[in-house]
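What follows is the residue order along each chain.
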Amino acid sequence: MELWNLLKSIVFLNSVLLVIFIGCVSCQISIPSKQDGFWYENRIAGAESILIEAFFDPVCPDSRDSWPPLKRALHHYGSRVSLVVHPFPLPYHDNAFISSRALHIVNNLNTSATFRLLESFFDQQDKFYNQATFDLSKASVVDEVAKFTSKAIENSNYAAVKAGFSDPKTDQATRFSFKYGCVKGVYGAPFFFVNGFPLPDAGSPLDYETWRNILDPLFPPAGQLRTETLDFVL
């Protein structure tokens, strides 16, 4: 009798798993019409360049602290290294989605201003981080972010920025950014990939020396074929 009950339990469990699998297959994530992310200094990765993918939450203190050393490393290596930033709004940070959406709005209006806005969010996180907007409605927060965004990019076109928050395409783009991170296995911010491989210590800032230790071995001496690999235990 106990064996029979065990067999019934196994059959039931397999049935549930099959239903879940079929459901997942039938509701696959839509594919966006273009790649996600913002290229730093429009330095799109070439076949021979090193590619860094960074997942940042604009109102995340650890994302903020990770940016200066990464930016310093980018300036050191120049065109040999490319960076693409993906907004990854963490659900436990108030206004993360709204600020990430602002990045998409500005990127549509002027791609050269996207990182200016990101740095403004990093520099003035206290305006939007968690308790700062606790007593405000969502509409009021959106209006404050729109004003902040327009000022940060040194553009008086507040109306265009505000209109971007009513455009379903910017909402969809921000959702795609988050879903892309989930597909890549991102679970916190900051989160980094180098040439497609995740770095350890996800969720923690990396200092400049760490970036040098990661990237220097990837560049061979002049005239030699690059064969070195990123040697990390993941």
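Nothing here was measured: the structure is a model prediction, and the numbers come from that model.

Caption draft 1: Local environment of the overall build of the protein chain. Of the regular secondary structure elements, the protein chain holds eight helices and five strands. Listed by position from the N terminus, the elements making up the protein chain come as α-β-β-α-β-α-α-α-α-α-β-β-α. Buried residues in the protein chain amount to 41% of all 234 residues. Across the protein chain, contacts joining residues at least 24 apart in sequence account for 73% of those joining residues at least 6 apart.

Caption draft 2: Up close: the sheet that holds strand E3 (residues 81-87). One open sheet holds the five strands; their spatial order is E1-E3-E2-E4-E5, and the pairing between them is mixed. Edge positions in the sheet fall to strand E1 (38-39) and strand E5 (197-198), since each has one partner strand and no second.

Caption draft 3: Local environment of the packing of aromatic side chains. With the rule as written, the count across this model stands at 17 aromatic pairs. Arranged with centres 6.0 Å apart and planes meeting at 65°, the rings of Phe121 and Phe128 form a pair that is edge-to-face. Aromatic side chains Phe121 and Phe148 sit 5.2 Å apart centroid to centroid with 35° between the ring planes, which places their arrangement in the tilted category. Of this pair, Phe121 sits in helix H4 (residues 114-123) while Phe148 sits in helix H5 (residues 138-152); the two residues are 27 residues apart in sequence, bridging distant segments of the chain. Judged by relative accessible area, Phe148 falls into the buried class, the value being 9%. Linked through ring pairs, Tyr40, Phe56, Trp67, Phe115, Phe122, Phe192 and Trp211 together constitute an aromatic cluster.

Caption draft 4: Structural view of the pattern of salt bridges. The final tally for this structure, using the stated rule, is nine salt bridges. Here Asp143 makes a salt bridge to Lys147, at a shortest N to O gap of 3.2 Å. Of this pair, Asp143 and Lys147 both sit in helix H5, four residues apart, which is roughly one turn of that helix. Judged by relative accessible area, Asp143 falls into the buried class, the value being 18%. A relative accessible area of 42% places Lys147 in the partly exposed class. In this structure, a network of salt bridges that share partners links the residues Arg101, Asp171 and Arg175.

Caption draft 5: Quick peek at the side chain of Ser100. As for its position among the elements, Ser100 is in helix H3 (residues 96-109). On the basis of relative accessibility, which here comes to 0%, the residue Ser100 falls in the buried class. With near-sequence residues (within four places) excluded, Ser100 lies in contact with Pro58, Pro87, Pro89 and Thr174.

Caption draft 6: Region of interest: the pairing of E3. Along E3, seven of the seven residues are buried, which leaves the element largely enclosed by surrounding structure. On E3, burial covers both faces: Val81, Leu83, Val85 and Pro87 on one face and Ser82, Val84 and His86 on the other are all buried. Bridging between E1 and E3 involves two bridges; their strand directions are antiparallel. By the bridge assignment for E3, Phe38 is matched with Val85.

The rules behind these values
Residues numbered from 1 in each chain as written. Predicted model: local features only at pLDDT ≥ 70, side-chain atom pairs only at ≥ 80, totals over all residues. Heavy atoms only, no water. Helix = DSSP H or I, 4+ residues; strand = E, 2+ residues; numbered from the N terminus. Buried < 20%, exposed > 50% of the residue type's maximum accessible area, 1.4 Å probe, protein only. Contact = heavy atoms within 4.5 Å. Pairing = 2+ DSSP bridges. Phe/Tyr/Trp six-rings, centres within 6.5 Å; stacked < 30°, edge-to-face > 60°. Salt bridge = Lys/Arg side-chain N within 4 Å of Asp/Glu carboxyl O.

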